[in-house]
Amino acid sequence: MFLKNICKNFGETEVLKDFHLDIAEGEHIVLMGKSGKGKTTILNIIMGFEEPDNGEMKIPNEISVVFQEDRLSEDFSAISNVCLMKSDVLLAKEILEKLGIDIKKCVNTMSGGQKRRVALARCLTRDAKLYIFDEALKGLDEKTKAVAMSVIREYTCGRSVIFVTHDINEAKEFADRIVEI
Ligand SMILES: Nc1ncnc2c1ncn2[C@@H]1O[C@H](COP(=O)(O)OP(=O)(O)OP(=O)(O)O)[C@@H](O)[C@H]1O
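Residues numbered from 1 in each chain as written. Predicted model: local features only at pLDDT ≥ 70, side-chain atom pairs only at ≥ 80, totals over all residues. Heavy atoms only, no water.

Caption draft 1: Fine view of the site of the ligand. Taken together, F10, V15, K34, S35, G36, K37, G38, K39, T40, T41, Q68 and H166 make up the full set of residues adjacent to the ligand. Measuring from an oxygen atom of the ligand, one finds a side-chain N or O atom of S35 at 2.6 Å. Backbone polar atom of G38 to an oxygen atom of the ligand: 2.9 Å apart, as the coordinates give it. Ranked by the residues each element gives to the shell around the ligand, the list is headed by helix 1 (residues 39–47), at 3 residues. Of the residues that constitute the shell around the ligand, the class distribution is 2 nonpolar, 7 polar and 3 charged. (Near = heavy atom within 4 Å. Polar contact = N/O pair within 3.5 Å; in protein donor to acceptor, adjacent residues only side chain to side chain. Helix = DSSP H or I, 4+ residues; strand = E, 2+ residues; numbered from the N terminus. Nonpolar A, V, L, I, M, F, W, Y, C, P; charged D, E, K, R; others polar.)

Caption draft 2: The arrangement of the packing of helix 3 (residues 89–98) against helix 5 (residues 142–156) in detail. Interhelical geometry of helix 3 versus helix 5 gives an angle of 150° and a closest axis separation of 10 Å. With respect to helix 5, the element helix 3 is oriented roughly antiparallel. Across from L91, E94, I95 and K98 in helix 3, the residues of helix 5 making contact are V147, V151, E154 and Y155. (Axes fitted to C-alpha atoms, helices over the stretch in contact; angles between N-to-C directions. Parallel < 35°, antiparallel > 145°, perpendicular 65-115°, else oblique. Contact = heavy atoms within 4.5 Å.)

Caption draft 3: Here's a closer look at the nonpolar core. Counting residues in hydrophobic clusters, the biggest one holds 38 residues, and the most contacted among them are L96, L120, F133 and F163. With 6 residues, helix 4 (residues 112–125) is the largest single contributor of residues to this core. Apart from residues lying up to four places away in sequence, F133 is in contact with V66, L120, C123, L124, I152, T156, V161, I162, F163 and V164. F19, I23, I63 and I181 belong to the second largest nonpolar core, which has 23 residues in total. (Core = buried A, V, L, I, M, F, W, Y, C linked by side-chain atoms within 4.5 Å. Buried < 20%, exposed > 50% of the residue type's maximum accessible area, 1.4 Å probe, protein only.)

Caption draft 4: Spotlight on helix 5. With 15 residues, helix 5 should cover 21 Å at 1.5 Å per step; its first-to-last C-alpha distance of 21 Å lies within 8% of that length. Restricting attention to buried positions, one finds in helix 5 the residues T144, K145, A148, M149, V151, I152, Y155 and T156. Mapping the buried residues of helix 5 onto a view down its axis gives an arc of 165°, with all of them on the same face. Exposed residues on helix 5 whose side chains face more than 90 degrees from its buried face are E142 and K143. Considering only its buried residues, helix 5 is in contact with strand 3 (28–32), helix 3, helix 4, strand 6 (130–134), strand 7 (160–164) and helix 6 (168–174). One side-chain oxygen at the N-terminal end of helix 5 lies 3.1 Å from the backbone nitrogen of K143; it belongs to D141. (Expected span 1.5 Å × (residues − 1). Arc of directions from axis to C-beta.)

Set out below in structure tokens:
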């Protein structure tokens, strides 16, 4: 997949100018850059939520995402949230259990870090060509983060990934290549 010469302005604000990104099949890219540099804008263009002003791109249709916000159905259990769009219950259970989540627990009784892990499990349960993690481990303690990182690595092995983080240690641990914008 690739993005080539992508430009994007919001009114007078120039956010992206001739932005390039190539990702090989199975490659894990970490996208870094200061707040407001345009990382989420790039992801929104990749996901089709924003139109670029200029440029070319080739992006797979099957994309699975962890957004910055959890975007869960609060009144449903962990397993129902993960299986809402996907019927592979066995895989969903396996991933939720590896992430230390009680599958029957209702989301509205969960801590922030537990909700984050449900959002992660939902993303990893989907079969996709490209996985996007936008600050997916934000708010997790170090031990939980290490477990979550190893689960992400296990289930994205051989698949293309864009991982956005401000944490250089996370980036170095995960990346085949770090892209700074
Ligand atoms: N819909 C929009 N309308 C106007 N300006 C926008 C819009 N979306 C983003 N921007 C602006 O584009 C710039 C890049 O925003 P973006 O959210 O892509 O940054 P980011 O690198 O993801 O930041 P952060 O690390 O804080 O999440 C910012 O100046 C932001 O204010």
